[in-house]
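Survey of secondary and tertiary structure
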Amino acid sequence: MGVKRRAFLIGSALVAGGGVFGIKWADSSARERATALTTGAKDGSFGTWIKVGEDSRITIYTPHIDIGTGTSTALAQMVADELDADWDKVSVESAPAETAFANSTLGRGFLSDMSGKPGMVAALPESLLSLIARAMPLQITGGSSAVRFTGQMGMRVVAAAARLALVEEAAEKLGVPTGELTTAGHAVRHAKSGKSLSYGELAAGAATRTLAETPALKAAKDYRFIGKPVPRIDIPAKVDGTARYGIDVNLPDMRVATVMAAPVRGGKLESVDEKPALAVKGVEKVVKLDDAVAVVATGYWPAIKGLRSLSPRFSDGGNGSISTASIFAAHDALRKGGDPGSSAGEGDVEAGLAADGTKLIEARYQVPFLHHAPMEPFALVAQFKDGKLDVWGGLQDPLSSKMAAVKASGLDEDAVTFHPLVLGGGFGRKLPMYIEAIPQVVALAMDLPHPVKLIWSREEEVAQGAYRAQASSVMKAALGKDGKIVAWQNNYAQPSDDGGGAAAKLFYTIPAFAQDHYKHVSNQTVGSWRSVNATQHGFYNESFIDELAYAAGADPYQFRRAHLAEGGRHQKVLDAVAKAAGWGTPLADGHGRGIAIVECFGTICAHVIEASVKADGSPKVHAVWAAVDCGPVVNPGNAEAQVMGGIVMGLSAAIGEAITLDKGAVQQTSFGDYPILKMADSPPTVRIEFLNSDAEMGGLGEPGLPPAAPALANALFAVTGMRIRSLPLLNQAGAKA
Amino acid sequence: MTIAASVNGKAVTFEGEGDTPLLWAIREELGLTGTKFGCGIAACGACTVHIDGEAVRSCSMPIEMVAGKAIRTIEGLKKPDGTLHAVQQAWIAAQVPQCGYCQSGQIMAAVALIERTGQPSDAQVDEAMTNICRCGTYPRIREAIRTATGQAAIAVQGDA
Ligand code: FES
Ligand code: FES
C-alpha cells in the first residue's frame, strides 16, 4: 500500500491492460478514454475511478489531494471493502489534473456527464449532486467533502459495481450462475467446482460490461476496513523526509524567486530601484509585477537578501486609512442604520424581544482576521518551454490551479499542465481562487529562460493572507419567566456574500429567531479558514447562550439541553460530552469548565474545556473533552486526529491569533507576532468520543474546531466571572466584561 | 567561500556565501529536502537539524559557523540497512503526521531531547519541543515520545 503521485509518472506508461471502472464509464467510448488516461495519453476526463490491473492490483485515482487529513486512506478503505480486496494490493494515486480537465470543462463537468445517465443520477440524493459536482470536477479538497461525498456517494458505488461486473464476467467464462460465485483474495471463486479466476484475468472483459447503477453496498457487519483504525498510507514518507512537497521540486537549471506585494492590499508597484538587489551575489534579475516586485536568484538566500535590499514604492489604492478599528466602526454604523442586507429566521423576533415580562439581554462580540499559517508557505515551480507551461505545487485544488495558470498565461488549456504534490498544510489557504502566487510564478516563468521556483517568505504569507474575516455581532435575546429563551437575534457584520447563514443558524428550539447580515467588505482578501463561518458564529452563539444560562440562573449544560429537541442528535452529543467530562463534579481550586456545541459540515461536535488563569493573566487549558456525531466513522484513528487537530487550532486562534490592520496594511510579520499554540500550551489531556450514529456521514476536517473558542471563554467565565466577548483571549482573561 | 563539514556521516563542502543559512545549503546545494523551511527566523523549528548532536534551527545558522561540525538531518536518522530510528517508528505507531511538513523538525527535536535526557519528563518535553505544528499533532507527538522511551502512553486516545 502506498501513495504514488501522478506527477512522477507522467511520460512513463502505467500498467497496460486491466480494466478501468468509473462512475460514468459504462459505455465503450468513455471506457476507452479512461483507459487511455491510465496509459498516459492525452484523452480522458475526471474524477472518481478505479483501475483493476491485469496483475489484479487495484488502483484508485482520487480527485482529492490529501492535505494531511487522511482522505486517501479513507477512500482506499471504502474501495477495499466493496471489492473484497487485500490491503496490500490497493494503492492510491492522484487523478491527473491536466488530462482530466481536457475533456471536461467546468460547464460540461461531472454533473452534465451524469445527467446522460439518469439511473445513476437518481441513485444519488438530489441535494448532494451539486456538492459532488463541485467537489469532483474541481478536485477541491475542502468543505470536508472528500470522504463523505466522493467516497460515500462515488467510490463505494463504483467499487461495488466493479465487483459485480467481475462476478458477471466470471459467471460467463465459467458457465455458472452469478449466485454461486464469491469474491476474495482478488479472485472470483466457484466453491462447487473449486475453480477461480483472478481479478486480473477478468478485469479487461469486466470493464466492457455495463456497470450496475445502484449496486448493493456492503452492510456494516461485513466491513473489514471501514470503521477500523487502518494506519494512514501517507505517513511513512512523512517520518523519513521522503514525502515531496511543492517546495521540494528541483528542476535542472532552476532559479529561485521570492516576492513582495503591496503592503496595502489594492496598492500597485510604483517604482523600484533595482540596483541594490542586483549587487547581491547570486541575484540575476528584479522583476516588476503590477502590484509586486520579485527577485530572481540562484537560490532562496540571495533572492530574499536581494528583496530585502530593495525599497520599492507602492501606492495604497486608496485604502490607506483602513484599520482594525475602522472596520469595526463600519460594522457598528451599518447595524445602527438598521437595514440588514439579508435576513433569515422564524417567528416575530421584534415582538419577542419587546414582550412583556421578559428579560432583554444584549451583548456585542467581535473576532479578528485570522491567518491560516500553513507550515509550508506558497512554493510553486513553473517552467515555460516550447510553448508549454508546466506548474508544480501542493495546492488544494489541482484542476482550478491549472485553470488559474491557464488564465494567467493566456495559453490554451492543452498547453498547460499542473503537477500536484503533497501540501504542507492548507486549511483553506491553498484554494486557487485567491492564490496570488500562481499568476506570479507564471509571469516569472514566462519571463525567464529557466524554470523558476517561487517561494513566499513567511513575512509575505502573514502580510498577504486570505484571512478568516474580521467580524462582529450584536446578539440580543429575551428570556421568559420560565427561564426559556423567547426570542434571539444575531446582528452580524462580515464580508461574505452568502452571509454565512448556514453557520449562524440555530439548532436550539426558540420560538422566534433572526439572523440579520450586515455586509461589509474591506480591502483585505478573505477566504475559507478551517470550518469557515462556523468559527465566528460558533463563538457568538455558544458564548451568548452561556450568558443567557447564567442570566437565567441555570447550569450552562442543562440550559442548552432544555433548548434542544428531546432525544435528538444535538442533545445526545451534549449529554455524551458532559458525561465524559464529569460535568458538575468538583474541580481543583481556580479551575472552571465551559461547554459549547456547534454543528457544521454535517457533523455535530461539542467540547467541554477545563481551564484556569495563569499568573500572567493568560489562559491555561488543562483538558478538553469532545463528543462528535459525524454519522459512521470510516477511520477512527484518523478521525480522532482530525478532531484533535481542530481542537488545537481552535484553541490557538482563540488564545493568541489576530491579524490587525493599520493604515490599510497588516501589522503582523511572522510567527513572532502571530503566535501559534505550541506543545507547552496545548492541552495535556484530550479525550474524543465518536457517537457512531447512523446519521448521514458528516465531515471531519473542520467540525472539531469551532466549539474550542466558546468552550474556553465559557470556562474562563466560570473561573473569573468575566465574560470575554472579543478574541483573541490573550491578556484579556483578567479584563472586566 | 568553501566550508568543510560532514552531513549524515559524509564529508561535504559548502560553496555559498558565508552568511548562507545551513538550511538552504542543505536543501539547495546538497538536495536534501527533508529539512523544511517555515519561517527563516528560528521561530517554527521546521528546519531543525543536529549539529554535533544538538538540535539547531538551521535557517538561522550561517554555514560559516559549521566548519568542521557533524551535521545530521532527517535523512540521516535511518540505520544504514534502512531500519527506521526508534523515534520514527514511534511516530508511525502513534500515527503522528497530518500534513507532515513540520514533522522532520519535530522528529529531529525529539531525537535530540531523548539522546540528552533518556526518558524526558512532561516538563522537559514542554521545554524542548517548541516546534510549531499547525495541524495540531502535539498530543500524539507527546505520546510518541513516551512510547519511544518506554514510558506508558498518556491519555490522548478517544475510543479509537
Ligand atoms: S524555518 Fe527555521 S525555525 Fe522556522
Ligand atoms: S503535521 Fe502539519 S504542521 Fe505538523
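One can find the structure itself at the top, above this paragraph.
Now for a description of the structure that goes with this document.

Reading the values: the criteria
- Residues numbered from 1 in each chain as written.
- Chains lettered and ligands numbered in written order.
- Predicted model: local features only at pLDDT ≥ 70, side-chain atom pairs only at ≥ 80, totals over all residues.
- Heavy atoms only, no water.
- Helix = DSSP H or I, 4+ residues; strand = E, 2+ residues; numbered from the N terminus.
- Rg over C-alpha atoms; globule rule 2.2 N^0.38 Å.
- Buried < 20%, exposed > 50% of the residue type's maximum accessible area, 1.4 Å probe, protein only.
- Contact = heavy atoms within 4.5 Å.
- Areas by Shrake-Rupley, 256 points an atom, 1.4 Å probe, with all protein chains shown as cover.
- Buried area = accessible area lost by both parts, 1.4 Å probe.
- Salt bridge = Lys/Arg side-chain N within 4 Å of Asp/Glu carboxyl O.
- Polar contact = N/O pair within 3.5 Å; in protein donor to acceptor, adjacent residues only side chain to side chain.
- Nonpolar A, V, L, I, M, F, W, Y, C, P; charged D, E, K, R; others polar.
- Core = buried A, V, L, I, M, F, W, Y, C linked by side-chain atoms within 4.5 Å.
- Pairing = 2+ DSSP bridges.
- Axes fitted to C-alpha atoms, helices over the stretch in contact; angles between N-to-C directions.
- Arc of directions from axis to C-beta.
- Phe/Tyr/Trp six-rings, centres within 6.5 Å; stacked < 30°, edge-to-face > 60°.
- Lys NZ or Arg CZ within 6 Å of the ring centre and 35° of its normal.
- Disulfide = S-S within 2.5 Å.

Each helix and strand in chain B was counted, giving 5 helices and 5 strands. The C-alpha radius of gyration computed for chain B amounts to 16 Å, which stays within 12% of the reference 15 Å derived for 160 residues, consistent with globular compactness. Its C-alpha atoms put chain B at 55 × 30 × 25 Å along the principal axes. The 160 residues of chain B split such that 57% are buried. Contacts spanning at least 24 positions in sequence make up 53% of the contacts within chain B whose residues lie at least 6 apart. Accessible area for chain B stands at about 5,700 Å²; split by element, carbon and sulfur atoms hold 52% of it.

Turning to the interface of chain B and chain A, a few remarks are in order. Each partner contributes residues to the interface: chain B has 55 residues there, and chain A has 67 residues. Across the chain B to chain A interface the summed buried area is about 4,900 Å²; carbon plus sulfur atoms make up 58%. Put simply, chain B and chain A have 7 salt bridges between them. In this structure, D248 of chain A engages R27 of chain B in a salt bridge whose closest nitrogen and oxygen atoms are separated by 3.0 Å. Run the count over chain B and chain A and you get 24 residue pairs in polar contact (both at pLDDT 80 or more). Counting only elements with at least two residues in the side of chain B that touches chain A, the list comes to α1 (22-29), α2 (86-93), α3 (103-117), α4 (122-128) and α5 (138-148) of chain B. Among the elements that line the side of chain B that touches chain A, the one with the most residues is α5 of chain B, at 5 residues. Grouping the amino acids of the side of chain B that touches chain A by side-chain chemistry returns 29 nonpolar, 14 polar and 12 charged.

Right, let's talk about the nonpolar core for a bit. Judged by nonpolar contacts, the single largest core of 155 residues is most densely connected at W488 and L651 of chain A together with W91 of chain B. The element that contributes the greatest number of residues to this core is helix α20 (residues 636-656) of chain A, accounting for 10 residues. Dropping the residues within four chain positions of it, L651 of chain A is found in contact with I609, V621, V624, L677, P683, A708 and L712 of chain A. Counting 41 residues, the second largest nonpolar core, distinct from the first, contains A161, A165, V230 and M697 of chain A.

All names here are of chain A. With antiparallel pairing, 3 strands are arranged side by side in an open sheet as β6-β7-β8. Where the open sheet ends on each side, the last strands, each with one partner, are β6 (181-184) and β8 (195-198). Put simply, the sheet's adjacent strands are angled 25 degrees from each other on average, direction ignored. In this sheet, β8 lies alongside strand β7 (residues 187-190) in antiparallel orientation, the contact comprising 4 bridges. What sits directly across from R189, in β8, is S196.

Looking at the element boundaries, E640 of chain A is found in helix α20. With a relative accessible area of 1%, E640 of chain A lands in the buried category. A polar atom in the side chain of E640 of chain A sits 2.7 Å from the side chain of R140 of chain B.

For helix α10 (residues 300-309) of chain A, a buried count of 7 out of 10 residues is recorded, marking the element as mostly surrounded by other parts of the structure. Looking only at α10 of chain A, the buried set comprises Y300, W301, P302, A303, I304, G306 and L307 of chain A. Buried residues along α10 of chain A sit in contact with β9 (255-261), α9 (275-278), β11 (283-288), β12 (292-297) and β19 (452-455) of chain A together with α1 of chain B.

For helix α8 (residues 199-206) of chain A, the set of buried residues is Y199, G200, L202, A203 and A206 of chain A. Along α8 of chain A, the residues classed as buried sweep out an arc of 160 degrees about the axis, all on the same side.

What follows deals with the environment of K89 of chain A. Residues and elements named next belong to chain A. Structurally, the position occupied by K89 is in the loop between α2 (71-82) and β5 (90-94). What makes K89 partly exposed here is its relative accessible area of 28%. What K89 contacts, discounting residues up to four positions off in sequence, is R57, I58, G185 and H186.

Taken as a whole and assessed by the stated rule, the structure comprises 13 aromatic pairs over all chains. On the numbers, 5.2 Å between centres and 70 degrees between planes, the contact of W488 of chain A with F544 of chain A is edge-to-face. Of this pair, W488 of chain A sits in strand β21 (residues 485-494) while F544 of chain A is found in helix α17 (residues 534-551), placing the two residues 56 residues apart along the sequence. Here the two residues W488 of chain A and F544 of chain A agree in accessibility, since each one is buried. These aromatic residues form a ring-pair network of at least three members: Y300 of chain A together with W24 and F37 of chain B. Residue placement shows R723 of chain A over the ring face of F717 of chain A; its charged tip is 4.0 Å from the ring centre.

On to unusual backbone geometry. All names here are of chain A. In this chain, L727 is followed by P728 through a cis amide linkage whose omega measures 0 degrees. Note that P728 resides in the segment after α21 (708-720). For D386, which is not glycine, the phi torsion reads 50 degrees and is therefore positive. Turning to its location among the elements, D386 is positioned in the loop between β16 (379-385) and β17 (388-393).

All names here are of chain A. This structure, assessed with the given rule, holds 0 disulfides over all chains. With no disulfide of its own, C600 lies closest to C605 among cysteine sulfurs, the gap being 8.1 Å. In this structure C600 comes out as buried when scored by relative accessible area, which is 9%.

Residues and elements named next belong to chain A. Spatial strand order, β14-β22-β21-β20-β15: 5 strands in an open sheet with mixed pairing. The open sheet has two free edges, formed respectively by β14 (342-346) and β15 (359-367), since each of these has just one partner strand. The sheet shows a mean angle of 10 degrees between the axes of neighbouring strands, direction not considered.

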